[in-house]
Amino acid sequence: MLCALCASDLDDTEEVDILKQSINKANTESDITTVYFTDEKSHAIGAYCSTNILYRPMILDMKKYLEIRLSNFFLVHDIIHAEMVLLKKQASQQKQAIMDMDPDKLPVC
């Protein structure tokens, strides 16, 4: 089973990094495997979800079993979305903290 998830512009390095981190988080919290790919033609990065669904005749309620397994795709989407929102908020707070710093205390690169 395979589904497309989301896409971001490759030029937006912050968004790409957040997407990658969010995918890693989803892979640790779900039995759905999510991978990202780059599409050079459209200059975008996207994500696909995949899983194996075991079909065995002895499964008593096949409809319920499939509903549960397929609902995991929505769970992964929600995990990735929530993680992206959290990471964007943290990045924004870090930027604001730097902007609020006294110019004499800014880190020197």
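The written sequence of each chain sets the order in which its residues are numbered from 1. In view of the model being predicted, local features appear only for residues whose pLDDT reaches at least 70, and side-chain atom pairs are presented and counted only at 80 or more, with totals across whole chains, interfaces and linings using the full set of residues. For the side-chain quantities, the full set of heavy atoms in the structure was used; hydrogens and water were omitted.

Caption draft 1: Structural view of the pairing of strand β2 (residues 33–39). Where β2 and strand β3 (residues 44–50) come together, 7 bridges link them in antiparallel fashion. Its bridge partner being in β3, Tyr36 is matched across the sheet by Ala47. Adjacent in sequence and paired antiparallel, β2 and β3 are bridged by 4 residues, among which His43 carries a positive phi angle near 55°. Any two strands with at least two DSSP-identified bridges between them are counted as paired. We count a stretch as a helix when DSSP gives it H or I for four or more residues in a row; a strand needs E for two or more, and each element gets its number in order from the N terminus.

Caption draft 2: Seen up close, the confidence of the model for the chain. With 87% of its residues at a pLDDT of 70 or more, the chain has an overall mean of 84. Within the chain, the lowest mean pLDDT, 57, falls on strand β1 (residues 2–9), and the highest, 91, falls on helix α1 (residues 13–29). A residue's pLDDT is the confidence the predictor assigns to it, expressed on a 0 to 100 scale.

Caption draft 3: Local environment of the pattern of salt bridges. Whenever a carboxyl oxygen of Asp or Glu lies within 4 Å of a side-chain nitrogen of Lys or Arg, that contact is scored as a salt bridge. The tally for this structure, following the rule as stated, stands at 4 salt bridges. In this structure, Glu14 and Lys95 form a salt bridge, with 2.8 Å as the shortest nitrogen-oxygen distance. Of the two residues, Glu14 is situated in helix α1 and Lys95 in helix α2 (residues 62–100); the sequence distance between them amounts to 81 residues. Accessibility here uses a 1.4 Å probe with only protein chains present; expressed as a share of the type maximum, an area under 20% marks a residue as buried, one over 50% as exposed, and anything in between as partly exposed. Of the residues examined, Glu14 reaches a relative accessible area of 34% and is grouped as partly exposed. The partner of Glu15 in a salt bridge is Lys88, with the nearest N and O atoms 3.2 Å apart. Of the two residues, Glu15 sits in helix α1 while Lys88 sits in helix α2, which places them 73 residues apart along the sequence. A residue is classified by how much of its surface remains accessible, and Glu15, at 18% relative accessible area, is buried.

Caption draft 4: Examining unusual backbone geometry more closely. The phi dihedral of His43 is positive, around 55°, even though this residue is not glycine. Tracing the backbone through its elements, the reader meets His43 in the loop between β2 and β3.

Caption draft 5: Layout of α2. Residue count minus one, scaled by 1.5 Å, sets the expected span of a helix. Taking 1.5 Å per residue as the helical rise, α2 with its 39 residues ought to reach 57 Å, and the 57 Å between its terminal C-alpha atoms agrees with that figure. Every buried residue belonging to α2 is among Met62, Arg69, Asn72, Phe73, Val76, Ile79, Ile80, Glu83, Met84, Leu87 and Ala91, and all of these are buried.

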